[in-house]
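Summary of the model geometry
What follows is the residue order along each chain.
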Amino acid sequence: MAKSNAVSLAQARRIAVRAQLLDGSATDVLSTVRRLSFLQIDTVAPVAVPQQLVLWSRLGASFDPAELDRLLWDERKLFEYGAFIRPIEDLPLLLARMRRPRGKSVGERRAEQWLKTNAAARRYVLRELERRGPLLSRELDDRAVQPWGSTGGWWGNRNVTLMLELLHGRGAIAVAGRKAGQRLWALAEAWYPPVDPVPLDEAERLLDERRFRALGVRLRRGGSWEVHPEAVDAPVPSRTTLLSPFDRLIHDRARMEALFGFHYRLEMFVPKAKRMYGYYVLPILRGDRLVGRLEPVFDRKANVLRVNGVWWEDGAKPVSLDRPLRDLARWLGAASIER
């Protein structure tokens, strides 16, 4: 056990890397997701979507994305909620959050009023999902009597999509699959297993505890490190891998800079002429240090993994990237690597 009162920066780094299973100790998809607490979902995929790339960083080319789908849609040991994939054990905790009282913020009050005004459309959506589900959003009619877009906002007239999002956020419906990347919707009671309710305060406490356990250490005010009681401090093997911009080791940029002295920003939305590095650059993790960054792009049409650039941190000794790039290419199914 690591002691929370005497933790050096070097210890904090080791603990963080180990807690995130980036030390080579990950063995399978399910136990990895359980340990990480959740995977963030995104559709941006110059290399691969982040929910898959995060697992590759830990499991290597042995990771089969079909296993993630099987755990989600066949075995239902994982579930999708919002922009995250979570272990099904977290469902009672998330349901407490979904079913919490609403109306504290302006946005919540507006959404509640919109649902009330469009009560008939809400009943129609739930009825159709019960009768014909799972369904794609485009398979449902827009029966809103008051469009959300009538009061402005980026939603425009996407009333069916908004209705589904609000019902999902309130625990009435669930994501029951994906078809060409689009979500399939079903009634929550038809998809989720029956679970006992958890009080909201207890649910939030347990979710925070699981996040803390997954991180291993968290930064206190004043710059000291708080260590989770179950965290383990031991040497980290000299393993080299690449990290998704959405990886939880680096997702909190302030925490990442405090741990690794590594300044990193995703430059997707930065004009090309103003980028310091590239469009979708991945940090290079060597053991328990971030030593550089690399911009890979998988050209699916040519079936080639291209490396547009490599940048090493000041004072870092360049390391061979042959093995992680070969592993990444093999996992992607790329026929060759261009550097």
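This text gives an overview of the structure that appears in the document.

Analysis parameters
- Residues numbered from 1 in each chain as written.
- Predicted model: local features only at pLDDT ≥ 70, side-chain atom pairs only at ≥ 80, totals over all residues.
- Heavy atoms only, no water.
- 1 Å grid on protein atoms, 1.4 Å probe; cavity = no way out; pocket = protein on both sides within 12 Å on 5 of 7 lines; lining within 4 Å.
- Points joined across faces, edges and corners; volume = space filled by probe spheres on them.
- Helix = DSSP H or I, 4+ residues; strand = E, 2+ residues; numbered from the N terminus.
- Nonpolar A, V, L, I, M, F, W, Y, C, P; charged D, E, K, R; others polar.
- Buried < 20%, exposed > 50% of the residue type's maximum accessible area, 1.4 Å probe, protein only.
- Polar contact = N/O pair within 3.5 Å; in protein donor to acceptor, adjacent residues only side chain to side chain.
- Core = buried A, V, L, I, M, F, W, Y, C linked by side-chain atoms within 4.5 Å.
- Contact = heavy atoms within 4.5 Å.
- Salt bridge = Lys/Arg side-chain N within 4 Å of Asp/Glu carboxyl O.
- Axes fitted to C-alpha atoms, helices over the stretch in contact; angles between N-to-C directions.
- Parallel < 35°, antiparallel > 145°, perpendicular 65-115°, else oblique.

**So, the layout of surface pockets**
By volume, the largest pocket amounts to about 430 Å³. Lining the largest pocket we find 20 residues, and of these I41, Q51, E80, R178 and G181 sit closest to its centre. Every element with two or more residues in the lining of the largest pocket is listed here: α3 (50–59) and α4 (65–74). At five residues, α4 tops the list of elements feeding residues into the lining of the largest pocket. Looking at the lining of the largest pocket residue by residue, the classes come out as eight nonpolar, six polar and six charged.

**Here we look at helix α2 (residues 29–36)**
Three- or four-residue spacings in an α-helix give side chains the same orientation, since the helix completes a turn every 3.6 residues. Burial runs high along α2: six of the eight residues are buried. Here α2 has its buried residues at V29, L30, T32, V33, R35 and L36. Residue D28 occupies the N-cap position of α2, its side-chain oxygen lying 3.2 Å from the main-chain nitrogen of L30. The positive-phi residue at the C-terminal boundary of α2 is S37, with phi of around 85°.

**Structural notes on unusual backbone geometry**
Excluding glycine, most residues fall at negative phi; most peptide bonds, likewise, are trans. The step from G133 to P134 runs through a cis peptide bond, and the omega angle for that step is 0°. Examined against the element boundaries, P134 turns out to sit in the loop between α7 (119–132) and α8 (159–169). Despite not being glycine, L21 has its phi angle at roughly 60°, a positive value. Residue classification places L21 among the buried residues on the basis of a relative accessible area of 11%.

**A closer look at the nonpolar core**
Core analysis: the largest hydrophobic core is formed by 80 residues, its most contacted members being L68, Y192, L328 and W331. Not counting chain neighbours up to four residues away, the residues in contact with L68 comprise V29, L39, Q51, L55, F63, L78 and I85. Listed in part, the 21 residues of the second largest apolar core include V17, L22, V236 and M256.

**Considering the pattern of salt bridges**
Scanning the model with the defined rule gives 27 salt bridges in all. Close ionic contact of R70 with E67 constitutes a salt bridge, the shortest N to O distance being 3.7 Å. Taken as a pair, R70 and E67 lie in helix α4 at a separation of three residues, close to a single helical turn. Note on R70: relative accessible area 32%, which makes it partly exposed.

**Some words on the packing of α2 against α3**
A pair of packed helices is characterised by two quantities: the angle between their axes and the separation of those axes. Two elements in contact, α2 and α3, have axes separated by 11 Å at closest approach and are oriented at 105°. Classified by the interaxial angle, the pair formed by α2 and α3 is roughly perpendicular. Every residue of α3 that contacts α2 at V29, T32, V33 and L36 is listed here: V54, L55, R58 and L59.

**Overview of empty space enclosed by the protein**
Counted according to the given criterion, the structure contains two cavities of 30 Å³ or more. Size it by volume and the largest cavity reaches roughly 50 Å³. What lines the largest cavity is simply W114, A121, Y124, V125, D141, D142, R143, A144, N159, V160 and M163. Among the secondary structure elements, those contributing two or more residues to the lining of the largest cavity are α7 and α8. Residue composition of the lining of the largest cavity, grouped by class: seven nonpolar, one polar and three charged. Considering only enclosed or pocket space, the second largest cavity measures out at about 30 Å³ in volume. Contributing to the lining of the second largest cavity are L36, F38, L39, Q40, V54, F246, D247 and R248. When grouped by side-chain class, the residues that make up the lining of the second largest cavity number five nonpolar, one polar and two charged.

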